[in-house]
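Chain residues, written in single-letter form:
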Amino acid sequence: MIQLYDLTLDELTALVTGWGQPAYRARQIWQWLYVQKVADIQDMRNLPADLRARLAQETRLSALEVARELYSADGQTVKWLFRLPDGQLIESVLMGYADGRRTACISTQAGCAMGCVFCATGQMGFARHLSSGEIVEQAVFLARWLEGRGERLSNVVLMGMGEPLHNYEQVLTAIQRLNAPEGLGIGQRHITLSTVGLVPQIRRFADENLQVKLAISLHAATDEERSALLPVNRRWPLRELLDACRYYIDKTGRRVTFEWALIAGQNDVPEQAHALGSLLQGLLCHVNLIPLNPTGGYAGQPSDPDRVAAFQAILATYGVRNTVRVRRGIDINAGCGQLKAEVIRSRDVR
Ligand code: SAH
Ligand code: SF4
């Protein structure tokens, strides 16, 4: 079955002209998909009935079926668990901020092959890559939901389930469609890709000449500690990762964000703070410190506030800019992969 959100405008044009329809019909459908964001083919009102019938018969508008919809008590975070046509479950999270930003955190794979020990998605293993349409449609769904409330989606972060650079082609196509003025129209600077550190793909991404923000999941500043948390570090150790980051900064002129989940007694110790300071000193970058979200498959706990403050104080002596991020939606398992993990454990998904 053809999934409409998988098609480029050219492919959609080829499809409808192949059915004997004029090419402008493709543009009309495109508008319904990305501007009006209708949830049903029958709502594409300016199309002739025979075209709507054929579309309904031979294509699928939506690949996302809502399995769960959860609202955080903070009133600003909503999480969806979606079931894909083959039964795979993926998650998307919408986060609202006081400054008016509305950020969609979307998934790029069902599961993940990278095996980071503290991550609920990593603990599930890899199921499959998502298609570009399955990636884009998550943002469309959240944008539609917001528009129903008179609000607008402003940012997209590829920080849900999966490793975006492991699914390079589909993710790049998705980014282009999220960004395109005749697509969702989200500015490149408002799109962030987060990677565990696939070095060749970071270099390739730098060469794409995009203005998309890059975030690197660092989490440790020595190879020994990082390899214990993120198995990928054994393949591409810190020196190679940092070289790739410098390459990205040189090519794009953009600063890189480093993500650091603070784990009590593990990577929140003074030695790690000093190692991080030396590693990043002088680099055009920012560090996001996020107290760990505990997960079922990992015994680690988030750092206490005084440990966080001590860590920040050490970083400051190296002039490394950093922010402590508030954890969002803990009550709705908004952390990466956590809702799906919880649903699988309790087997109560309807
Ligand atoms: N695969 C990509 C993007 C998805 S994960 C990556 O790893 O970067 C998004 C972010 O959530 C990453 O920085 C990841 O390290 C972090 N993360 C995963 N599990 C977490 C947890 N239990 N607590 C805090 N951060 C977590
Ligand atoms: Fe995959 Fe990212 Fe989770 Fe690591 S942190 S297992 S790369 S989703």
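Note: the structure precedes this text.
Residues numbered from 1 in each chain as written. Chains lettered and ligands numbered in written order. Predicted model: local features only at pLDDT ≥ 70, side-chain atom pairs only at ≥ 80, totals over all residues. Heavy atoms only, no water.

**Q** Any details on helix H6 (residues 168-179)? Residues and values, ideally.
**A** The end-to-end C-alpha separation of H6 is 16 Å, in line with the 16 Å expected for 12 residues at 1.5 Å each. Burial in H6 covers these residues: Tyr 168, Val 171, Leu 172, Ala 174, Ile 175, Arg 177 and Leu 178. Close packing links the buried residues of H6 with helix H2 (24-34), helix H5 (132-147), strand S9 (155-158), strand S10 (191-195) and helix H7 (199-206). (Helix = DSSP H or I, 4+ residues; strand = E, 2+ residues; numbered from the N terminus. Expected span 1.5 Å × (residues − 1). Buried < 20%, exposed > 50% of the residue type's maximum accessible area, 1.4 Å probe, protein only. Contact = heavy atoms within 4.5 Å.)

**Q** For the site of ligand 2, give the residues involved together with the corresponding values.
**A** If you check the shell around ligand 2, you find 10 residues, and the closest are Cys 112, Met 114, Cys 116, Cys 119 and Gly 122. Taken together, the residues that form the shell around ligand 2 break down as 6 nonpolar, 3 polar and 1 charged. (Near = heavy atom within 4 Å. Nonpolar A, V, L, I, M, F, W, Y, C, P; charged D, E, K, R; others polar.)

**Q** Hey, could you go over the nonpolar core for me, with residue numbers and the actual values?
**A** If you look at the biggest cluster of nonpolar residues, it comprises 106 residues, and the most contacted ones within it are Met 44, Phe 205 and Phe 258. Considering every element that reaches this core, the biggest residue donor is H5, with 9 residues. Residues lining this core come from more than one domain, with at least three contributed by each of domain 1 (2-60) and domain 2 (65-346). If we skip the residues at most four places from it in the chain, Phe 205 touches Tyr 168, Leu 172, Ile 175, Leu 193, Leu 210, Val 212, Leu 214 and Tyr 248. (Core = buried A, V, L, I, M, F, W, Y, C linked by side-chain atoms within 4.5 Å. Domains from an automatic or database assignment.)

**Q** Tell me about the site of ligand 1, residues and numbers included.
**A** Around ligand 1 there are 18 residues in total, and Gly 162, Ser 194, Ser 217, His 219 and Asn 293 lie nearest to it. At 3.1 Å, a backbone N or O of Phe 118 approaches a nitrogen atom of ligand 1. The separation between an oxygen atom of ligand 1 and a polar side-chain atom of Ser 217 is 2.6 Å. In isolation ligand 1 offers 530 Å² of accessible surface; the protein chains occlude 90% of this area. For the shell around ligand 1, the secondary structure elements donating two or more residues are S10 and strand S12 (256-262). Along the lines of polarity and charge, the residues of the shell around ligand 1 split into 8 nonpolar, 8 polar and 2 charged. (Polar contact = N/O pair within 3.5 Å; in protein donor to acceptor, adjacent residues only side chain to side chain. Areas by Shrake-Rupley, 256 points an atom, 1.4 Å probe, with all protein chains shown as cover.)

**Q** Give a detailed account of the pairing of S12, specifying residues and quantitative values.
**A** When you tally the buried positions in S12, you get 7 out of 7 residues, the bulk of the element. Residues Val 256, Phe 258, Trp 260 and Leu 262 line one face of S12 and the alternating positions Thr 257, Glu 259 and Ala 261 line the opposite face, and both faces are buried. Alignment of strand S11 (residues 213-217) against S12, held across 3 bridges, turns out to be parallel. Within the sheet, the bridge partner assigned to Ile 216 lies in S12 and is Phe 258. Bridge count for S12 against strand S13 (residues 285-291) is 7 bridges, and the pairing is parallel. Of the residues in S13, the one forming a bridge with Val 256 is Cys 285. (Pairing = 2+ DSSP bridges.)

These results come straight from atomic positions and should not be treated as a statement about function.
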